[in-house]
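If you want the building blocks of each chain, they are given just below.
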Amino acid sequence: MNNLKLGVDVVSAHNLLPKDGQGSSNAFVELYFDGQRFRSTIKEKDLSPVWNESFYFNISDPSNLHYLTLEAYVYNDVKATHSRSFLGKISLTGNSFVPYSDAVVLHYPLEKRGIFSRVRGELGLKVYVTDDPTIKSSMPLPASESLTNQDPGLAQTQGVSTPGMSSFRSEKSQTRHTFHHLPNPGQESQHQHHASAAPDTHYVPKYEADQMKSEPQPAKLVRMYSASASQPVDYALKETSPYLGGGRVVGGRVIHGDKTASTYDLVERMYFLYVRVVKARELPAMDITGSLDPFVEARIGNYKGITKHYEKQQNPVWNQVFAFSKDRMQASVLEVVVKDKDLLKDDFVGIVRFDINEVPLRVPPDSPLAPEWYRLQDKKGEKIEGELMLAVWIGTQADEAFSDAWHSDAATPVDSSPAASAVIRSKVYHAPRLWYVRVNVIEAQDLFASEKNRFPDAYVKVQIGNQVMKTKTLQARNLNPLWNEDLLFVASEPFEDHLVISVEDRVGPGKDEILGRVILPLNSVDRRADDRMIHSRWFNLKKPVAVDVDQLKEDKFSSRIHLRVCLDGGYHVLDESTHYSSDLRPTAKQLWRPSIGVLELGILNAVGLHPMKTRDGRGTSDTYCVAKYGHKWVRTRTLVDNLCPKYNEQYTWEVFDPSTVLTVGVFDNSQLGDKDSNGHKDLKIGKVRIRISTLEAGRIYTHSYPLLVLHPTGVKKMGELHLAIRFSCTSFVNMLYTYSKPLLPKMHYVRPFNVMQLDMLRHQAVNIVAARLGRAEPPLRKEVVEYMSDVDSHLWSMRRSKANFFRLMTVFSGVFAIGKWFTDICMWKNPITTVLVHVLFLMLVCFPELILPTAFLYMFLIGVWNFRYRPRYPPHMNTKISQADLVHHDELDEEFDTFPTSRNPELVRMRYDRLRSVAGRIQTVVGDVATQGERLQALLSWRDPRATALFVTLCLIAALVMYVTPFQVVAALAGFFMMRHPRFRQRMPSAPINFFRRLPARTDSML
């Protein structure tokens, strides 16, 4: 017997449209599913009604569940005419139904019924599938009532058994691979367009067509709602249920399909026609001189890939791969043409044709397909001289050739040069291993100034690459200055820069003279992974003397410098904001702990992107994604001229600490075609941060993340990025053990850096990483690295200051709530609660050993209670928490100002005065806190002799009383006195408060 039922909890609605002519509505909900219809109660005169009613539908055929649709209609009851008016609807396909244990209340925005419908608001539902035999299905409404009360034109959208519905159901069953919701006037035309345009648009190979017949429906976006930090629905996170390589993802779990398993199970499987052009031999001569400048053109339909050409070479070697996307296949024949490069028109040399239906399918881990020699043919199909070595196969993005291939979906008509082809490829980058270089400048000996009659005003300048630091200038009265200062730098492997140490004399303002210098290769510097002492060394200073323009002669000098230099490997070099760190391991590999898991990221697609440039009179974008975690950076291929790109690329990282953050950014490639006026910088579209500790192990998170970017005009949604994320824990014990270990390596606590040093070193580290990644091919540009690393997060922002203040108020809101509750207890607003608190307080006083167990048990129960309301999706950027929705334009302009400022003096003066007023209020608060602390000190300092004498006397009396009185009695009396009835209270402040406020503070001594 089938006990499977669909449960629908109708929770509430919000901000409905008033329809009764008096600014309100009498709302009720009707549910339709599998031929059954239920109705909620009517909530009169309420635009935000709350129902909390549950309904259960019978599921006649569980195997057909994914193709069924649940529809919820919200109506306004018109009592005068015994009719109803439409307020909105929602439709949910069966692929979004989850088990009861995974179900949460979701607030869905109401949809229109037709083009001219006017709706607003949200409907909160909890939809789940259950097989509990104790649950009985609800009683459906009779069919007659359904037909008499329905609106005109609604008969086709209701699931009531009527004679005319059988034909509709058969029609729906035939087209359910195209229609995923019950049709409505606003969507029907769009669905019909897709149904009629889908066939014959692109050529589909036979093996692909067979698999497409049984492919499930596309994903349905589900809007997530958070009541604690609500923001516009358009900015909210959306949960999806896509079909990936391993099967359909429903509620974080994979329902395996018929497709074969693949390591690329977090992305939609995409098929490509790969063409590897290896080399050619014995090509015929085409020019009069008997030479040949050959190149190969691989084309299918209107898409073609071209290799580079070689001059005067009849046996060229290319070894280049082309990848034609299945979506772009417009023909059934692949043509590989060899041509001769010419100034006016390229000459035809020979051709090789392939029928796509005969191309083999390769699925890794199969070995790469071996290339073969093919005899060239002329245009008539006859064999001619010359052979071409090729390998042609059908593969997916899991193929090894994917990253280095030329892609048809990334082909650019504006710039087909090899340089442009290089900057659109997908690549994996490894950031260099960074070290802290500590230079302890101790002293120098026998320093002689150029002027014999004075002592040098010496200082030491240390330089590594572009990093320069100086010690303080000593106006010593001898030739042996002593500094003993630590200078810190950042260096990267391999060590290309040398450590240059110069001793200079401050001769006059802006005029320095080198007394000597020493150059140390960083490879020869001692390394340490702890705080052991490094032996100091004396180095002879050499003074360069200019002989001519092209030659420098170094003369030995008698001066020496005493240094202690080491590479500190016990630190983690912070190259990103400390709040969003993706790696916390020390530099020294011997201190690394074993990994605790694996993080897998599938970059699926982006939708609704804003045009970032204009091409041929229309807006477009050439986008790519960058993901950063630890030392590993990844970059997807650039999809040219596409506002809804499909990347479908998957990457993997090892996880060593759960308290780390994965960052994924979307950028527009500005290196193609005509250079824009932005200085050739790649433009940022948005980014997503995901903290690993918020992910459940083994669950697949498929969400569409809004790309929110703060512009000088305000916050703006640039599109949505669809990601699939899975964190797999390889060692649960090691992960739990990580929570007990320090966040940073040991050296950060043994020999910590101050805030100024950390900011300076972080800036240097970001510059080094950006410079190193910018030298890769394709380069990861500096603006991309800085945006991903949040390089400007430490700069002043009025908006961030407000956001942090409100975050602090939210943290202390619990304390304020407890204080308000205790005040209500003391004022006896609820006598029963106050009496119960008195009884509980008396029990704790009599049995103090129950205080800690009670507190911990209370926190345990709160945690267990909150488990059912735990977040089911990763947190995302919130405009309300960030104070980005109400920020003033001038504050945004100040935030986007350069450092130092580039604004006009009057505007800077106004902002300076505003900052002074804010700082004045902060100064007042700090002064009040200091005043209260000084009053506490004045209790025993005898600054006010009468007050101190009175306090000391009271302390003596209290000591004698508490010595002879049990502590429980004192505590009970004190508690009852604090919670006494208002009848026994005075409206004036109590005597202790008056006494404390009369104590002196040091405000009298301030100027």
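Residues numbered from 1 in each chain as written. Predicted model: local features only at pLDDT ≥ 70, side-chain atom pairs only at ≥ 80, totals over all residues. Heavy atoms only, no water.

Digging into the sheet that holds strand β13 (residues 247–250)
A sheet is described by the order of its strands in space; here three strands give the open sequence β12-β13-β14, paired in antiparallel fashion. Bordering the open sheet on either side are β12 (243–244) and β14 (253–255), each of which pairs with just one other strand. Both β13 and β14 contribute to a ladder of three bridges, which runs antiparallel. When the sheet's bridge partners are listed, arginine 248 is paired in β14 with isoleucine 255. (Pairing = 2+ DSSP bridges. Helix = DSSP H or I, 4+ residues; strand = E, 2+ residues; numbered from the N terminus.)

Observations concerning the nonpolar core
Core analysis: the largest hydrophobic core is formed by 62 residues, its most contacted members being Leu599, Leu601, Trp633, Trp653, Leu721 and Leu723. With six residues, helix α8 (residues 755–773) is the single largest residue contributor to this core. Ignoring sequence-local partners within four residues, the contact set of leucine 721 consists of Ile603, Asn605, Ala606, Cys625, Val664, Val666, Val688, His703, Ser704, Tyr705 and Leu707. (Core = buried A, V, L, I, M, F, W, Y, C linked by side-chain atoms within 4.5 Å. Buried < 20%, exposed > 50% of the residue type's maximum accessible area, 1.4 Å probe, protein only. Contact = heavy atoms within 4.5 Å.)

Some details on empty space enclosed by the protein
Overall, the coordinates contain five cavities of 30 Å³ or more when judged by the stated rule. As a volume, the second largest cavity reaches approximately 130 Å³. Surrounding the second largest cavity, 16 residues form its lining, Leu434, His572, Val573, Asp583 and His631 being those nearest its centre. A breakdown of the residues in the lining of the second largest cavity according to their chemical character gives five nonpolar, five polar and six charged. (1 Å grid on protein atoms, 1.4 Å probe; cavity = no way out; pocket = protein on both sides within 12 Å on 5 of 7 lines; lining within 4 Å. Points joined across faces, edges and corners; volume = space filled by probe spheres on them. Nonpolar A, V, L, I, M, F, W, Y, C, P; charged D, E, K, R; others polar.)

Considerations on the pairing of strand β6 (residues 83–93)
In terms of burial, β6 is a largely internal element, ten of the eleven residues being buried. In the sheet, strand β5 (residues 69–78) pairs with β6 via ten bridges, with the strands oriented antiparallel. Bridging from a neighbouring strand, leucine 70 pairs with leucine 92 of β6. From the end of β5 to the start of β6, which pair antiparallel, there are four residues, and histidine 82 there has a positive phi angle of about 55 degrees.

Notes on a nonpolar patch on the surface
On the surface, a cluster of nonpolar side chains totalling about 790 Å² of accessible area is made up of Phe805, Phe806, Leu808, Met809, Val811, Phe812, Val815 and Phe816. Breaking the nonpolar patch down by element, the ones donating at least two residues are α10 (798–811) and α11 (813–826). With five residues, the single largest contributor to the nonpolar patch is α10. Within the secondary structure, phenylalanine 812 is located in the loop between α10 and α11. Relative accessible area serves as the criterion here: at 39%, phenylalanine 812 is assigned to the partly exposed category. (Patch = residues over 30% accessible without salt bridge, like charges linked within 9 Å, V, L, I, M, F, W, Y side chains within 5 Å. Areas by Shrake-Rupley, 256 points an atom, 1.4 Å probe, with all protein chains shown as cover. Salt bridge = Lys/Arg side-chain N within 4 Å of Asp/Glu carboxyl O.)

Things to note about the confidence of the model for the protein chain
Here the protein chain averages 82 in pLDDT, while 86% of its residues score no lower than 70. Considering only residues more than four positions removed or in separate chains, one finds that residues 547–554, a stretch of pLDDT under 50, has nine contacts. (pLDDT = per-residue confidence, 0-100.)

A word on the environment of tryptophan 796
Position of tryptophan 796 among the secondary structure elements: in the loop between α9 (782–788) and α10. Spatially, the C-alpha atoms of tryptophan 796 and glutamate 895 are 7.1 Å apart, while their sequence positions differ by 99 residues. Excluding its chain neighbours within four sequence positions, the residues that come into contact with tryptophan 796 are Ser801, Glu894 and Leu915. Polar contacts involving the side chain of tryptophan 796 include one to the side chain of glutamate 894, which spans 3.3 Å. (Polar contact = N/O pair within 3.5 Å; in protein donor to acceptor, adjacent residues only side chain to side chain.)

So, the pattern of salt bridges
Counted under the stated rule, the structure contains 55 salt bridges. Measuring nitrogen to oxygen at the nearest pair gives 3.5 Å for the salt bridge that ties glutamate 493 to arginine 527. Of this pair, glutamate 493 sits in the loop between β28 (482–492) and β29 (498–508) while arginine 527 sits in strand β31 (residues 526–528), and the two are 34 residues apart along the sequence. A salt bridge links aspartate 583 to arginine 585, with the nearest nitrogen and oxygen atoms 3.0 Å apart. We classify aspartate 583 as buried; its relative accessible area is 7%. For arginine 585, a relative accessible area of 15% gives the class buried. A single salt-bridge network, built from bridges that share partners, covers Asp890, Asp893, Glu894, Asp897, Arg903, Arg911 and Arg914.

Description of unusual backbone geometry
For the bond running from glutamate 493 to proline 494, omega is -10 degrees, close enough to zero to count as cis. Secondary-structure assignment places proline 494 in the loop between β28 and β29. At the junction of glutamate 777 and proline 778, the peptide bond is cis and its omega measures out at 0 degrees in the coordinates. Within the secondary structure, proline 778 sits in the loop between α8 and α9.

Remarks on helix α12 (residues 831–846)
For α12, spanning 16 residues, the distance from its first C-alpha to its last is 22 Å, which sits close to the expected 22 Å at 1.5 Å a residue. Among the residues making up α12, those that are buried are Thr834, Val837, His838 and Val845. On an axial view of α12, the arc spanned by its buried residues comes to 105 degrees, and they lie on one face. For α12, the exposed residues set more than 90 degrees away from the buried face come down to Ile832 and Leu836. Tucked into the core, α12 has its buried residues touching α11 and α17 (967–978). (Expected span 1.5 Å × (residues − 1). Arc of directions from axis to C-beta.)

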